[in-house]
Amino acid sequence: KVVTVHDLIFIRHPELYPFLDRTIYNKKCRHACHVADMVVAVSEQTKRDLEELYFLPESRIKVIYQSGDAAFHAPVSPEKKAEVKKTYSLPGDFVLHVGTIEDRKNLISVVRALEQIPSVPLVVVGKKKGAFHKVNELIREAGMQKRVLFLEDVKQEYLPALYSHALVFVYPSLIEGFGIP
């Protein structure tokens, strides 16, 4: 039996997760690790966390790094870029943030930084979760509603074109177990 563990952030930073979620994650993950013959950790940090927090011996943990999808290693055709630009009504130059809108992804810092750069729009790709209301309130208070475009349920095949259109990609996450932006 083999189990893969991406991170133990729910233990390291319990303040980022509701009590019930972290309790369930911990119980399921701990059980899976202890019954598995081998535990795959996707980073050295996750391996250290498994040893320290679940008391797993190093001999039962193998670090295997994840890689990005092959689609991100190939150039994006001009036709695909044009299709994505039209589909999402993208601005010319923009800052791109990709990630679930939750506190640990730190989108609020991006919005605060862009308050200082009045002409650059922000495109946010990700599911609107717990931090969305705080971020949206800051956007309203700063009068930036017309500068921020939220995109949910973006097709995976469109992501490389979104990245290639962006002036810059920002990934100011406070903590990641492995992170593949």
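Residues numbered from 1 in each chain as written. Predicted model: local features only at pLDDT ≥ 70, side-chain atom pairs only at ≥ 80, totals over all residues. Heavy atoms only, no water.

(A) Quick peek at the sheet that holds strand 4 (residues 95–98). Strand order in the open sheet made by the four strands is 6-5-4-7, with parallel pairing throughout. Looking at which strands have only one partner, the edges of the open sheet turn out to be strand 6 (148–151) and strand 7 (168–170). For this sheet, the mean angle separating the axes of adjacent strands, direction not counted, is 20 degrees. Relative to strand 7, strand 4 is paired through three bridges, and the arrangement is parallel. From the neighbouring strand, H97 faces strand 7, where its bridge partner is V170. Set on the sheet, helix 5 (residues 107–115) makes contact with strand 4, strand 5 (122–125), strand 6 and strand 7; between it and strand 5 the angle comes to about 170 degrees. (Pairing = 2+ DSSP bridges. Helix = DSSP H or I, 4+ residues; strand = E, 2+ residues; numbered from the N terminus. Axes fitted to C-alpha atoms, helices over the stretch in contact; angles between N-to-C directions. Contact = heavy atoms within 4.5 Å.)

(B) Region of interest: unusual backbone geometry. One non-glycine residue, N106, lies in the positive phi region at around 65 degrees. Within the fold, N106 resides in the loop between strand 4 and helix 5. One non-glycine residue, D153, lies in positive phi territory at about 55 degrees. Tracing the backbone shows D153 in the loop between strand 6 and helix 7 (159–165). Take D153: its relative accessible area is 77%, and that puts it in the exposed class. (Buried < 20%, exposed > 50% of the residue type's maximum accessible area, 1.4 Å probe, protein only.)

(C) A look at the pairing of strand 5. Of the two faces of strand 5, the one lined by L122 and V124 and the one lined by V123 and V125 are each fully buried. One ladder, built from four bridges, connects strand 4 with strand 5; its direction is parallel. Looking at the pairing, H97 lines up with V124 of strand 5. Where the polypeptide runs from strand 4 across helix 5 and back to strand 5, its parallel neighbour, the crossover connection is right-handed. Bridge count between strand 5 and strand 6: four bridges; the pairing is parallel. (Right-handed = clockwise from strand over helix to strand, strands pointing away.)

(D) The arrangement of a nonpolar patch on the surface in detail. A contiguous nonpolar patch, built from F19, L20, I24 and Y25 and spanning about 430 Å² of accessible area, is present on the exposed surface. Mapped onto the fold, L20 is located in helix 2 (residues 19–35). Judged by relative accessible area, which is 56%, L20 ranks as exposed. (Patch = residues over 30% accessible without salt bridge, like charges linked within 9 Å, V, L, I, M, F, W, Y side chains within 5 Å. Areas by Shrake-Rupley, 256 points an atom, 1.4 Å probe, with all protein chains shown as cover. Salt bridge = Lys/Arg side-chain N within 4 Å of Asp/Glu carboxyl O.)

(E) Representation of the sheet that holds strand 2 (residues 38–41) within the structure. The three strands are arranged 1-2-3 in an open sheet whose pairing can be described as parallel. Among the strands making up the open sheet, the edge pair consists of strand 1 (2–5) and strand 3 (61–63). Each strand axis lies, on average, 25 degrees off the axis of its neighbour in the sheet, ignoring direction. Strand direction decides the pairing type here: strand 1 and strand 2, joined by four bridges, are parallel. Considered in strand 2, the bridge of T4 is made with V40.

(F) How the structure looks around the pattern of salt bridges. In total, this model carries eleven salt bridges according to the counting rule given. In this structure, K47 engages E51 in a salt bridge whose closest nitrogen and oxygen atoms are separated by 3.9 Å. With K47 and E51 both in helix 3 (residues 44–54), this residue pair falls four residues apart, about one helical turn. Of the charged contacts, one joins R140 and E137 as a salt bridge, the two residues approaching to 2.7 Å between their closest N and O atoms. Of this pair, R140 and E137 both sit in helix 6 (residues 132–141), three residues apart, roughly one helical turn. Residue classification places R140 among the partly exposed positions, given a relative accessible area of 42%. You can call E137 partly exposed: its relative accessible area is 34%.

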